[in-house]
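Structural description and commentary
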Amino acid sequence: MARTHRGTPAEAPLADLAEEIAEDRDSLRETMTALDVPARWPRVAVSRLAEKAARFKHNGRLVSRSPLSDVLELEAMRLGVEGIASLWRSLGILADTAPLDPAAVGRLLERTERQATVLKGLRVEAVDRTFAATTTATTAAARTSLGRARGARWAP
């Protein structure tokens, strides 16, 4: 999404989020290693393929993005960040008895909560932008058609 939104007001927050999420992924790998939890690479591969396949949704456009693309992608990202925040909360409970740094887990949780807030704001802006434009176009088209229908009905 950061690449898609180059040159827009969303570019900076999305680029920051992309960098932070990459760092979070590294932290998660370190945590998995500390807890002796193996990575399940087939699941990782399937999730990556599912992500790529989701981009080929039927939206009536072959080469351009649907107006809803931003809304759906931001919502999916927000849900993913909320899931990671839940993981950090769970690991925070274990941090006292497991080989984890409670302060580090707390910082990661705070960061994901902030990321969720940023994504929520971006999603709200995308919803406003998408549906305000759709509503305006739909209302204008309805008025035009209603005007034609009234004019036709009252024509001599």
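Our subject in this report is the structure included herewith. Treat the numbers as computed from the prediction; the structure is a model and nothing was measured.

Below, the discussion takes up the overall build of the protein. Looking only at helices and strands, one finds 4 helices and 0 strands in the protein. In the protein, the succession of helices and strands from N to C terminus is α-α-α-α. Relative to its full complement of 156 residues, the protein shows a buried share of 20%. Pairs at least 24 apart in sequence give 73% of the contacts found in the protein among residues at least 6 apart. Working note: accessible area of the protein is about 11,100 Å², and carbon and sulfur atoms make up 61% of it.

Core analysis: the biggest nonpolar cluster contains 10 residues, these being Ala10, Leu14, Leu17, Val71, Leu74, Val81, Ala116, Leu119, Leu122 and Ala126. Of all elements in the fold, only helix 1 (11-34), helix 3 (69-94) and helix 4 (102-153) reach the threshold of two or more residues within this core. The element best represented in this core is helix 4, accounting for 4 residues. If near-sequence neighbours (up to four positions away) are discounted, Leu122 is found in contact with Ala10, Pro13, Leu14, Leu17 and Leu74. By size, the runner-up hydrophobic cluster in this structure holds 8 residues, among which are Trp88, Leu91, Leu100 and Val105.

Bringing the side chain of Asp24 into the picture now. Among the structural elements, Asp24 can be located in helix 1. When its relative accessible area of 7% is taken as the criterion, Asp24 is described as buried. Within the structure, Asp24 has its side chain in polar contact with the side chain of Gln115 (distance 3.2 Å). Apart from residues no more than four positions distant in its own chain, Asp24 is found in contact with Trp88, Leu108, Arg111, Thr112 and Gln115.

Conventions used here
- Every chain is numbered on its own, with residues counted from 1 as its sequence reads.
- Since the coordinates come from a predicted model, pLDDT governs what is reported: local features require at least 70, and pairs of side-chain atoms require 80 or more to be given and counted, while whole-chain, interface and lining totals use all residues.
- Only hydrogens and water are set aside; all other atoms, that is, all heavy atoms of the structure, feed into the side-chain values.
- Working definition: helices are DSSP H or I runs of at least four residues, strands are E runs of at least two. Numbering for both runs from the N terminus.
- Relative accessibility decides the category of a residue: with a 1.4 Å probe and only protein chains considered, values under 20% of the type maximum give buried, values over 50% give exposed, and everything between is partly exposed.
- We call two residues in contact whenever any of their non-hydrogen atoms come within 4.5 Å of each other.
- Only the protein chains shown count as covering a residue, and every accessible area follows the Shrake-Rupley method with a 1.4 Å probe.
- Put simply, buried Ala, Val, Leu, Ile, Met, Phe, Trp, Tyr and Cys residues joined by side-chain atoms within 4.5 Å make one nonpolar core.
- Any pair of nitrogen or oxygen atoms within 3.5 Å is treated as a polar contact; in protein, a donor-acceptor pairing is required on top of that, and neighbouring residues in sequence qualify only through side-chain atoms on both sides.

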